[in-house]
Structures are given as structure tokens and as C-alpha cells.
Amino acid sequence: MPVSWKHFSSQVKRALTCSQSSTLNQRDAHDEIQSYVYDVFISFRGPDSRNTFVDHLYASLTRKGIFVFKDDKQLQKGESISPQLLHAIQHSRISIIVFSKDYASSTWCLDEMLAIAHCRTEMKQIVFPVFYDVDPYHVRKQNGVYESDFILHSDQFKHDPDKVDAWKRDMTILASLAGWDVRDKPEFKEIENIVQAVIEKLGRKFSAGIADGLIGIQPRVKILENLLKLSSNGDDFRVLGIWGMDGIGKTTLASVLYDTISHHYQFGACCFIENVSRVYRDGGAIAVQKQILRQTLEEKNMETYTSSDISGIILNRLYNMKLLIVLDDVDQFEQLQELHINPKLLRPGSRIIITTRDVHILELYGADRIHEVELMNDNDARELLCRKAFSSDNSSSDYAELIGMVLKYAQGLPLAIRVMGSFLYNRNTSQWRATLEGLENNPDSGIMKVLQSSFEGLEQREREIFLHIACFFDGEREDYVRRILDACGLQPDIGLSLIAEKSFITIRNQEIHMHKMLQELGKKSVREQHPDEPRLWSRLWLPNDLYDAMITKRGPVKAKAIILNQKKDVCEFNPLTDKDLAKLKNLKVLILYHSKFSGSRKLKDRKTLRKGGIE
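Keep in mind that this is a model prediction, so the values were computed, not measured. (Residues numbered from 1 in each chain as written. Predicted model: local features only at pLDDT ≥ 70, side-chain atom pairs only at ≥ 80, totals over all residues. Heavy atoms only, no water.)

Draft legend 1. Summary view of the overall build of the chain. Assigned secondary structure in the chain consists of 27 helices and 20 strands. The burial tally for the chain puts 52% of its 615 residues in the buried class. Here the analysis covers contacts within the chain between residues at least 6 apart in sequence; of these, 73% occur between residues at least 24 apart. When the accessible surface of the chain is split by element, carbon and sulfur atoms take 47% of a total near 29000 Å². (Helix = DSSP H or I, 4+ residues; strand = E, 2+ residues; numbered from the N terminus. Buried < 20%, exposed > 50% of the residue type's maximum accessible area, 1.4 Å probe, protein only. Contact = heavy atoms within 4.5 Å. Areas by Shrake-Rupley, 256 points an atom, 1.4 Å probe, with all protein chains shown as cover.)

Take a look at the structure:
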């Protein structure tokens, strides 16, 4: 049973009302941008223009970093417009209607057009008509090739004449807008004109997929633009490395940068390869290369291509283009080396952007500039937290202290702020306090999951150093930490450099510092296999855990290192005896602050044990 005009119209209006209400709740342009999902929605009649004009237009838009919704024929089921299509239309900044000979024969297309007309009227959506193989006059007047279609519709919808009248009215309005008549013209040139018009309308607005982290990001993007030297004479190539710990916003920065420069600079082709490390692990270098060729050259059906086939295409075709290539989340040098893309052989003006948590990869690759991503400043961090937790920049005075506690815990890490803010959304102050109290022993799993992959990529020696620093040494002097690590046989001269290069620590003012989230990751890794049995942990740093491990009768203590946190009060615990040392079979380091062992063996407040002996 066809859906009536009144029912369809009310469906569209309800959806628009909800969308507008959501938009009005936002404070500024950034928040308004966040209500969008797509830059462009393309409405077209599949059999007329799919695999020809529309596919070429879609590819040209996406190569410029524009987020496009192009209806797939699998979605067209049933007689009424699908909810997902209605949602896509409402959440697009621009709609492009490709009028073709059979466009008016499809009630589905006409309903799409109707929804677009509503969005234009109610939400000020930009609409571009394109006349593919039909006279614009025939579209505006619904005559010529469209006349018979509307005669059939009028007969079919005798019970609902308003529906056909609405189609005619909105078609006349939309077909009268400024657009393109592409008949008998070079398709490539017309598509270029359409893409350029879309770019100009979008300006420097970013899509919802990357707008979530826009707070304070535009000055950072401007810095990266300057580092790329895009306004130079064009006779050079340049590789920019974006470096920092997981969760700090490297991918967001690269995405916004890509979205900006791919629109406004004349690159022959652009590509953004997400999560290179995962693609490489799943399919090797050839899988990454295929993604590059799909996005830059529109290569298809590459299943049978060999490595030499791919290399030939890169050498003979890719090197002849001015390219913008973003390689996101590279965690091994081989992932770059095996692509066989030599920046020095690319056409002048080309740019490669690489994000990684390992600065040494960028140095090996010969990056021209390496940009270390900084943590959020206090003002931006507070704004992001409030937007996530309260949907605004403001919060009740009841939350002032709690906001400070969350920000102290997150330490400017965007990932932690977003996750914490989203979790605390719409929760009362008691729930905020309960959450904060539980974080030390139960850090947020969403944050830990992101950081865990980087920890798993460490070599054994690097893991040991990381865990030592996470559990014991944040804020300690570098020379002191080096002596302890050297006593453990961990070669700190190279080991500390390696984990610093991989963004796990920073060394400043001759002190070693580690982000709170990474400390939590390290402690979680120590505890997680035996959370209630400290005697089985590889490291002990709290007096109550040490005491619990020592008094248990179930076997020896497995700890390699015991360094008690000097800020914790140990007076409440009974003194341990030198007989307790017999349980410490694996111990290499023992450092006690303000605590004593009773018995015949005398110990100073601080002692280092190496290979079971006391130094």
C-alpha cells in the first residue's frame, strides 16, 4: 500500500523537528557542525547514471576528502523512502540531485527529492541540480520526457493527489536553482566544476566524523599547514611526521588537516589510509598499497594483482601525479619501507603525512619535519569535558571540584577526557565521586583498550622498563632510575631511549615523567591475571599489598621488584622480619621508605637487591 502524502510529509517534518531541536541546543558553529554526518548527499536514478556520471562524481568528491552519501541499490526496498536515507538527507550539508531521463519514473527518487526540498526550506540545506541527459526546461515544467511519468503517477495516486502536486511543485523549485546542464559537455570538466563549487560552499567546515575533537584544534592545524609549506613554489616534496602517545589526537589532527588541504590545494590525487598498522598486519604491504591505489587512481578488481603489478602501477602512474598521502598509525618502519613509495621520486608539490607513536620511524624515513602533539591545555580540556558531560561549556557550581578532579586524572589526554565526560553525562555528583574513587584500581576499560595495543607492541626489555617506571618511577630523577634499571640488567642507556621514542615517557629537567593513563595501564597489566593475589604480582608498590603478600601461607612471593610508595603511610603495618626475605625468590630490587625489617639482618631504609644478594 503506497504511503500517503500526508503521512510521508509528517514523517519528514517530525524528523526535521528533532534534528533542529538538537541543533538549537548547540552553542556555536562547532556544535552545529557536529549535527551533520555527511558533506554531500547524491540523489539519482540508479539505472540511468550509476557506473557512469554519478560514480565519477562520487570518486572525485571523496578524493578531495569530502564525505559523501551515495545511495546503494541494496537499500531500496519497499515502496516508501527508507529511514536510513531520510536520516542521510537530513544530516548532509549539501544535496546534489542528478536529474536524468527516468528520474521522474521512480517514486523513490521523487520522495528523496521531496525530503531534500523540506531540508532546503527548514534547515537551509544547499541544493545543486544537475541535468545529466534531460532538458532542464522539461524538468521544471514536467513535460517532454517527464510528461508521461507524471500522467502515470496522477493515475496511480488518484486517492492522494496532494502527493503528485507536491512532487511537481518541489521539482519546479529545485530545477530552477543554479546548477549544471552537463549534456554534450566534457564530463570530466563539468565534474571538476561541481566539485569546486561544493568545496567553496563547504569552506573550512569539518564533517562530524572528525569534528568531535575540534576544540582548540584549528590553531594546531594551522601550525601543521605551515610546516608543510604548501604555499612554496611547488618544486619540492615534503614529509611531515605527527608524533605522540596513543589517545592524544594524532589521527584527529591528521584528519582535519587532510580535510582542509585536500580541498584548497591542487593535488592530482589524495588518499587517507587509516590504521596502517592493522591493514599491514592483516594483509601485508600489498594490502596498504591497494588501498592507496583505490583512493588515488580508482583502481578496482585488484584481487589478482601481484606485488610486481602493484609496484609497476606505482612507478608508472602514481609517480606522475602530485599526491597527498596520509598514512595513519604506522608502528613499524617496514610498513613504510615496503610500500616502495620514495618521496623523492614523487612529482614536485607532493606531500606525505605520517602519524605514529614512534618518533624513530619518522627519523628513519627521513621526515622533513616532525611535530610532537601536545596534551590539551587546561582551558580546552575543561571545555571538552563540559561539552561531553553537560552538552554545553557550562556546568553547575556543584560540579566544580569534581571537574577539577577528573581533569587532574585525565592530565590533558583528549581520549581520557572524552571517554570520562561521556560516561559521566547526566550523572549526579554522588555518581561522579563514586566513579573517581574507583578509578585507581579499576581504570576505564575504553581508555585502556586504546593504550593496550601500544604496550603489546613493546619488546620484552622495553616492557620491563615500562612497567618499572609505571609502578615506581614517575617523577624520579633520571640518574637514579638508570642505576636501578642497570642493577636489573635492563640496559637503560638504550632502553630508556626506546620507550621515550615510542611516547611512553618524557624526560625533562633530568626527571622521568609518564602520563597518568600509562601508569594505570602498567599497574593494570601487573594486577590483571591475579587481581586478588598480590603475592603473584611481578611488582609491589603499596604497603598493604606487600603485607598481604608476606602474610599469606600459600607459597612464595613472585615479585621481581618491591619499591614502596613513599607517600603511603606504613605505620599501621606490623614490621616484617628478615625471614620474610626467604619468600622473595625472584626479587631483584627492594626499596623501602621509612619501614624496617626486624631480625638479625639489618637493612637501611633503601636497599637494592641484585641477583638475590643485598648490595
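Right, picking up where we left off after that structure.
Draft legend 2. A look at unusual backbone geometry. In the Ramachandran plot, Ser503 falls in the positive-phi region, its phi being about 70° despite a non-glycine side chain. Of note in this structure, Gln510 is not a glycine but carries a positive phi near 60°. When you line up the elements, Gln510 lands in the loop between strand S11 (506-508) and strand S12 (511-513).

Draft legend 3. Structural context of the nonpolar core. If you look at the biggest cluster of nonpolar residues, it comprises 95 residues, and the most contacted ones within it are Phe466, Ile469 and Ile562. Non-local contacts of Ile562, meaning those with residues more than four positions away in its chain, are made with Leu540, Leu546, Leu584, Leu587, Val589, Leu590 and Ile591. Trp243, Cys271, Leu323 and Leu336 belong to the second-largest nonpolar core, a separate cluster that totals 37 residues. (Core = buried A, V, L, I, M, F, W, Y, C linked by side-chain atoms within 4.5 Å.)

Draft legend 4. How the structure looks around the packing of helix H8 (residues 147-156) against helix H9 (residues 161-175). Here H8 crosses H9 at 150°, and the two axes come no closer than 9 Å. Judged by the inter-axis angle, H8 sits roughly antiparallel to H9. In this structure, H8 uses Phe150, His153 and Ser154 to contact H9, whose residues at the interface are Val164, Trp167, Lys168 and Met171. (Axes fitted to C-alpha atoms, helices over the stretch in contact; angles between N-to-C directions. Parallel < 35°, antiparallel > 145°, perpendicular 65-115°, else oblique.)

Draft legend 5. Examining helix H19 (residues 400-410) more closely. Listing the buried residues of H19 in full gives Leu402, Ile403, Val406, Leu407, Tyr409 and Ala410. Viewed along the axis of H19, the buried residues span an arc of 160°, placing them on a single side of the element. Turned more than 90 degrees from where H19 packs its buried face, Glu401 and Lys408 sit exposed. Buried-residue contacts for H19 involve helix H18 (378-390), helix H20 (414-424), helix H21 (429-438) and helix H26 (516-527). (Arc of directions from axis to C-beta.)

Draft legend 6. Seen up close, the side chain of His468. Along the chain, the position of His468 falls in helix H23 (residues 460-473). Taking the relative accessible area as the measure of exposure, His468 reaches 5% and is therefore buried. Within the local environment of His468, its side chain forms a polar contact with the side chain of Arg539, the two groups lying 3.3 Å apart. Residues within four places of His468 in sequence aside, it is in contact with Phe473, Leu485, Cys488, Leu490, Arg539 and Ala561. (Polar contact = N/O pair within 3.5 Å; in protein donor to acceptor, adjacent residues only side chain to side chain.)

Draft legend 7. Looking closely at the side chain of Arg357. With respect to the helices, strands and loops of the structure, Arg357 is situated in the loop between strand S9 (351-356) and helix H17 (359-365). Residue Arg357 is classed as buried on the basis of its relative accessible area of 10%. Discounting chain neighbours no more than four positions away, the residues touching Arg357 are Trp243, Gly244, Asp246, Lys250, Asp329, Val330, Asp331, Ser453, Ser454, Glu501, Lys502 and Ser503.

Draft legend 8. Here's a closer look at H26. In a regular helix each residue adds 1.5 Å, so 12 residues correspond to 16 Å; H26 covers 17 Å between its end C-alpha atoms and thus fits that length. Counting buried positions along H26 gives 10 out of 12 residues, so the element sits mostly inside the fold. Of the residues making up H26, those classed as buried are Met517, Leu518, Gln519, Glu520, Leu521, Gly522, Lys523, Ser525, Val526 and Arg527. Where H26 is buried, its residues meet H19, H20, helix H22 (445-456), H23 and strand S13 (539-540). (Expected span 1.5 Å × (residues − 1).)

Draft legend 9. Up close: the packing of aromatic side chains. One pass over the structure, following the stated rule, counts 16 aromatic pairs. Taking the centre distance of 5.2 Å and the plane angle of 70° together, the rings of Tyr38 and Phe69 count as edge-to-face. Of this pair, Tyr38 sits in strand S1 (residues 38-44) while Phe69 sits in strand S2 (residues 68-70), and the two are 31 residues apart along the sequence. A residue is classified by how much of its surface remains accessible, and Tyr38, at 22% relative accessible area, is partly exposed. An aromatic cluster of at least three residues, connected via ring pairs, comprises Tyr38, Phe41 and Phe69. Positioned above the aromatic ring of Phe267, the side-chain terminus of Lys322 is 5.4 Å from the ring centre. Its end group placed over the ring of Phe455, Arg463 keeps NZ or CZ at 4.9 Å from the ring centre. (Phe/Tyr/Trp six-rings, centres within 6.5 Å; stacked < 30°, edge-to-face > 60°. Lys NZ or Arg CZ within 6 Å of the ring centre and 35° of its normal.)

Draft legend 10. Focus on the pattern of salt bridges. In this structure the tally under the stated criterion is 22 salt bridges. As a salt-bridge pair, Asp39 and Arg93 come within 2.4 Å of each other at their nearest N and O atoms. Pair noted here: Asp39 is in strand S1 and Arg93 is in strand S3 (residues 92-99), with a separation of 54 residues, a long-range link. As far as the burial class goes, Asp39 and Arg93 line up, both buried. Note that Glu383 and Arg387 form a salt bridge whose closest N and O atoms lie 2.6 Å from each other. A residue pair is termed a helical-turn pair when its members lie 3 or 4 positions apart in one helix, as Glu383 and Arg387 do in helix H18 at four residues. Here the salt bridges share partners, and the residues they tie into one network are Asp246, Lys250, Arg281, Asp329, Asp331 and Arg357. (Salt bridge = Lys/Arg side-chain N within 4 Å of Asp/Glu carboxyl O.)

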